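Architecture at a glance
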Amino acid sequence: MALLETRGLTAAYGDFQALFGVDITVGAGETIAIIGANGAGKTTLMRSISGVLANAPASILYRDEPIGALLAPDILSRGIAMVPEGRKLFPSLSVEENLQIGKYGRKVDGPWTLDSIFALFPILKERRNNPATALSGGQQQMVAIGRGLMSNPEVLLCDEISLGLAPVVVRDIYAAFPSIRETGASIVIVEQDIAQALKVADRVYCMMEGRVTLTGRSSDLSRDDIHKAYFGTEHHELA
Amino acid sequence: MNWLDTILQGVLLGGLYALFAAGLSLVFGIMRLVNLAHGDMIVLAAFLILVLVTTLGLNPFIAALIAMPLMFAIGWALQYFLLNRTLGKDILPPLLVTFGLSIVIQNGLLESFSADSRRVFAGSLESASVNLGPVTAGIMPLMTFFSAVTVIVCLNQLIYRTSVGRAFRATSDDPVTAGLMGIRPQRIFAMATGLAMVVVTIAALYLGTRANFDPTSGPS
Ligand SMILES: Nc1ncnc2c1ncn2[C@@H]1O[C@H](COP(=O)(O)OP(=O)(O)OP(=O)(O)O)[C@@H](O)[C@H]1O
Ligand SMILES: [Mg+2]
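The following refers to the structure shown.

Glancing now at the overall build of chain A. Looking only at helices and strands, chain A features 10 helices and 10 strands. What you see for chain A is a C-alpha radius of gyration of 17 Å, in line with the 18 Å of a compact globule of 239 residues. A principal-axis box enclosing the C-alpha atoms of chain A has dimensions of 50 × 45 × 35 Å. Of all 239 residues assigned to chain A, the portion counted as buried reaches 54%. In chain A, of all internal contacts separated by at least 6 residues, the share reaching a separation of at least 24 is 64%. Within the structure as shown, chain A displays about 10200 Å² of accessible surface, and the carbon and sulfur contribution to it stands at 51%. Taken together, the 22 basic and 27 acidic charged side chains of chain A have centroids lying 4 Å from each other.

Written out as structure tokens, the structure is:
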């Protein structure tokens, strides 16, 4: 049974329609990757699920409950936390305060506490009293992930956590994901780096122009299939 | 020691202005809303205290304690049901609405209390004073000053040391992301305005016992 599911999800910004009937499912404990080119609608999908954008109630189901029309705080309190694109840390708050505020709307005992997040990302403990914006990009991303975990979510949505970061830093950040999976949480990551997405996810959805163009288990997808779904053209051996 | 005296009176009077400003800046700091009716809210609170003192025969300090939760509720409701609707990218709507509110409060008070100037009497405290070495200071100005310091220290602790204070700052930084943390910006704003009205009540207590006021004193 799917824990989280979208059914014919549509979304628009004013007159501009960004999603055209997106269907995805996320099982309990599963890690899903959403890939797709710039403007494919990945962030719009994340914003819809997390309640930043309002949708038709039955277009998003969580534990079979229609949650499409709920606001962000109601989504969080049900156990779906978001690590937004661009990190979006609060500049007026220190590193530790940024983490603490992650559980403002959902105080649930579980594996994630300030201490266990400091154990996951030790550098944050050293910098705990710094303003969040005084950190490097990679460290800020760690704060953003930690902030999402503080509510002990059942589903963690991560939008482009490797954006603008050096490959070694991306590797360090993805090194934390096995520990997150171990807690039994479901994870949805949006990732432009296809190799990284295939490595971390059980299943992959590829989006193009507001639609899902390809889906399957990471191990079953061929490079050609992905290339075609990603760009809408045949693979012409570019690299 | 006339000049020392003058400086001291000036500093103590500064306490009253600090109280006026604290509520205003709390609201501005969190939601970038300039409340043009702030002065009128102070006068409204002063009339509320006056009514409690004259009809129930209460001590003005007790009256202010009773007025505080009432003013909190008024501020909360005002923000939640009216001012929140005016907030957005454009700064003009809140200016227009609070300007209108200022007129509504002034005329409402004129209708109910006439244009006569009033005063809240604090009894013997009004003329009491203490000798501080070469100078003397009135008890009321001293209390005003220390109330202002206390209010500012308390607000500071609230904003920098509590979970609600974190939510205030986060909402002021980025209300959309604050929503993802489970913060409801509309309620945070309402709470901030409610708190500002508590500070307003304290300011009104000292304004009303220090000088005459009438329904149109707000803007000045
Ligand atoms: N606030 C907005 N107002 C209007 N149009 C928007 C807005 N946000 C996104 N769009 C449009 O919606 C479409 C999907 O955008 P979205 O941000 O979901 O893409 P994305 O897949 O996350 O892209 P990227 O990889 O660049 O982050 C794009 O065409 C974009 O221009
Ligand atoms: Mg995006």
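Next comes the rest of the account.
A grouping of Phe 28, Val 34, Leu 36, Phe 99 and Ile 103 of chain B is seen on the molecular surface, where their side chains present a nonpolar patch of about 440 Å² in accessible area. On the secondary structure map, Phe 99 of chain B appears in helix α4 (residues 92-113).

Our focus in this paragraph is the coordination of the magnesium ion (ligand 2). Metal coordination angles in their ideal form are 109.5 degrees for the four-donor tetrahedron and 90 or 180 degrees for the six-donor octahedron. All names here are of chain A. Coordination of the magnesium ion (ligand 2) by the protein comes from Thr 43 (OG1) and Glu 85 (OE), over a distance range of 1.8 to 2.3 Å. You can see Thr 43 sitting in helix α1 (residues 42-49) and its partner Glu 85 sitting in the loop between β6 (80-83) and α3 (95-100), a full 42 residues away along the chain. A relative accessible area of 28% means that Glu 85 is categorised as partly exposed.

So, on to the site of ligand 1. Residue and element names in this part refer to chain A. Around ligand 1, the structure places 14 residues, and the nearest of them are Lys 42, Thr 43, Thr 44, Glu 85 and Gln 192. At 2.8 Å, a side-chain N or O of Asn 38 approaches an oxygen atom of ligand 1. At 2.8 Å, a side-chain N or O of Gln 192 approaches an oxygen atom of ligand 1. When the free accessible area of ligand 1 is taken as 630 Å², the share hidden by the protein chains comes to 63%. Considering each element in turn, the shell around ligand 1 owes the most residues, three residues, to α1. The residue inventory of the shell around ligand 1, partitioned by class, reads five nonpolar, six polar and three charged.

Conventions and cut-offs
- Residues numbered from 1 in each chain as written.
- Chains lettered and ligands numbered in written order.
- Predicted model: local features only at pLDDT ≥ 70, side-chain atom pairs only at ≥ 80, totals over all residues.
- Heavy atoms only, no water.
- Helix = DSSP H or I, 4+ residues; strand = E, 2+ residues; numbered from the N terminus.
- Rg over C-alpha atoms; globule rule 2.2 N^0.38 Å.
- Buried < 20%, exposed > 50% of the residue type's maximum accessible area, 1.4 Å probe, protein only.
- Contact = heavy atoms within 4.5 Å.
- Areas by Shrake-Rupley, 256 points an atom, 1.4 Å probe, with all protein chains shown as cover.
- Lys, Arg positive; Asp, Glu negative; His and termini not counted.
- Charge placed at Lys NZ, Arg CZ, Asp CG, Glu CD.
- Patch = residues over 30% accessible without salt bridge, like charges linked within 9 Å, V, L, I, M, F, W, Y side chains within 5 Å.
- Salt bridge = Lys/Arg side-chain N within 4 Å of Asp/Glu carboxyl O.
- Donors = N, O, S within 2.8 Å, 3.2 Å for Na, K, Ca; no water.
- Near = heavy atom within 4 Å.
- Polar contact = N/O pair within 3.5 Å; in protein donor to acceptor, adjacent residues only side chain to side chain.
- Nonpolar A, V, L, I, M, F, W, Y, C, P; charged D, E, K, R; others polar.

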